[in-house]
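One-letter residues, chain by chain:
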Amino acid sequence: MTIDSITEAGLEWLATGTGVLGSGGGGRPRIGRLRLQTLLDDDQYPDEIEVIPPEDLDPDATITSVGKIGAPSIGSEKLPKGDEELRALRALERGGDCSVDALIPGEIGGANSFAPLIVSLLTGLPVVDADAMGRALPKLQMDTFFINGHPVNCAVITDEKGNTIVYEDIDLPERFESLVRATTVELGGTAAYAYPILEGTFVKEYSVHHTLSLCHDLGRRIHEARAANEDPTEAVCDVTGGRRLFSGKVMDIKRRHDEGFTTGDVRIDEMEGDRTLVISFQNEFLHAELDGTTVATVPDLISLLDETTAEPILVDDVQFGQRVDVVGIPAPDLLTTDEALSVVGPEAFGYDHGYEPLGTSCIGGERSGSGGV
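First, a word on scope: everything that follows refers to the structure included in this document. The model shown is predicted, which means the values in this text are computed figures rather than measured ones. (Residues numbered from 1 in each chain as written. Predicted model: local features only at pLDDT ≥ 70, side-chain atom pairs only at ≥ 80, totals over all residues. Heavy atoms only, no water.)

As for helix α2 (residues 29–40)
Step number 1: The end-to-end C-alpha separation of α2 is 16 Å, in line with the 16 Å expected for 12 residues at 1.5 Å each.
Step number 2: Looking at α2, one finds that the buried residues are P29, G32, R33, R35, L36, L39 and L40. Down the axis, α2 shows its buried residues gathered within 165° of arc, on one side only. Pointing more than 90 degrees away from the buried face of α2 are the exposed residues R30 and T38.
Step number 3: Looking at the packing, one finds that the buried side of α2 touches β1 (5–7), α1 (11–21), β2 (48–52), β3 (62–70), α4 (84–96) and α5 (115–123). (Helix = DSSP H or I, 4+ residues; strand = E, 2+ residues; numbered from the N terminus. Expected span 1.5 Å × (residues − 1). Buried < 20%, exposed > 50% of the residue type's maximum accessible area, 1.4 Å probe, protein only. Arc of directions from axis to C-beta. Contact = heavy atoms within 4.5 Å.)

Next up, the structure:
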């Protein structure tokens, strides 16, 4: 079921759903939800956000993405001024000599799902029911726009001190990532962005469709399962076509900050049994091994959920002693092409094996597989 608007009533559902698809990263959904709720409660802004399906985009419409970049742990501690994404958007319009007609999330995971919604209330621009990843991923070149050949025509980075950096006509997305990552570290570890300048035709073909609607529905189903004393993790599997990979207790967590990323691994042991699951991460959960055998890897999603509530647990919030369910969710089709796997597959992150998919995904389209435990 798709949505045509977002109101205050659905914010909690959206926050939970984006947390699941964030695969441990994308920034804290709670922070994005609170920022958005503050605006919705303010009488000077509209009471709802217009959401438009990607299929209805005018071919000549001008679209861009806004959000945050940097280590999630720093982004959770460093207070924003609040207008960074809006200033990035306006600088992009000036630098690109254009007027943006609609916004789209660069990734659907975590707080970055809320950034276009916040800017929508500030500007009146609609938000496209789609994104460029179908999840969250740690590097800028890992979105479906750049994977499918869109140029880095114009991009802007801003911070809470008023610094604004404009990039034009960067030759490679990988170079763009390196430049922006270094800038973000210099600006204190987190910054806001707007990029690139897109046309409606390209967004129609190369975005992951209806992911805002999916997050809204996923969060609703999780909350309904809790209220009915049903298994909310089963609801996650049913909605996403995913499956429960493991259940256990967090026994060890190693985190470090490395060149603008939060990296490390978490060890989870069975409560009744002797099996161990180890999940490695770089801002997001990327790779899961059960007793040394890979059971899930990027671009498929690995989500860590509270065992009782299925509330998603972020990389920065994993703690010793937590009892968790680990769910694997098949990646959207746009992340499983040969071109995409060269950028977001396991070998792109240094793992010495190819990609073995979990199954058929419902992210970006109607689910043709079924969930299960």
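This is not the end of the story, as more comes after the structure.
Quick word on the pairing of strand β12 (residues 261–269)
Step number 1: Counting buried positions over the 9 residues of β12 gives 7, a clear majority of the element.
Step number 2: One ladder, built from 9 bridges, connects strand β11 (residues 243–258) with β12; its direction is antiparallel. Of the residues in β12, the one forming a bridge with K254 is D265.
Step number 3: In this structure, β12 lies alongside strand β13 (residues 276–282), joined through 7 bridges in antiparallel fashion. When the bridges of β13 are listed, V266 appears paired with I279.
Step number 4: Remark: 6 residues form the turn of the hairpin made by β12 and β13, two consecutive strands paired antiparallel; G273 in that turn has positive phi of roughly 145°. (Pairing = 2+ DSSP bridges.)

Details of the packing of aromatic side chains
Step number 1: Using the criterion set out here, one finds 8 aromatic pairs in the structure.
Step number 2: Residues F146 and F176 carry aromatic rings whose centres are separated by 6.1 Å and whose planes lie at 80° to one another, so their mutual orientation is edge-to-face. With F146 in helix α6 (residues 144–147) and F176 in helix α7 (residues 173–186), this residue pair connects regions lying 30 residues apart in the sequence. An identical accessibility class is assigned to F146 and F176; each is buried.
Step number 3: Consider the rings of F176 and Y195, whose centres lie 5.2 Å apart with planes at 70°: the pair is edge-to-face. In this pair, F176 sits in helix α7 while Y195 sits in strand β9 (residues 190–199), placing the two residues 19 residues apart along the sequence. (Phe/Tyr/Trp six-rings, centres within 6.5 Å; stacked < 30°, edge-to-face > 60°.)

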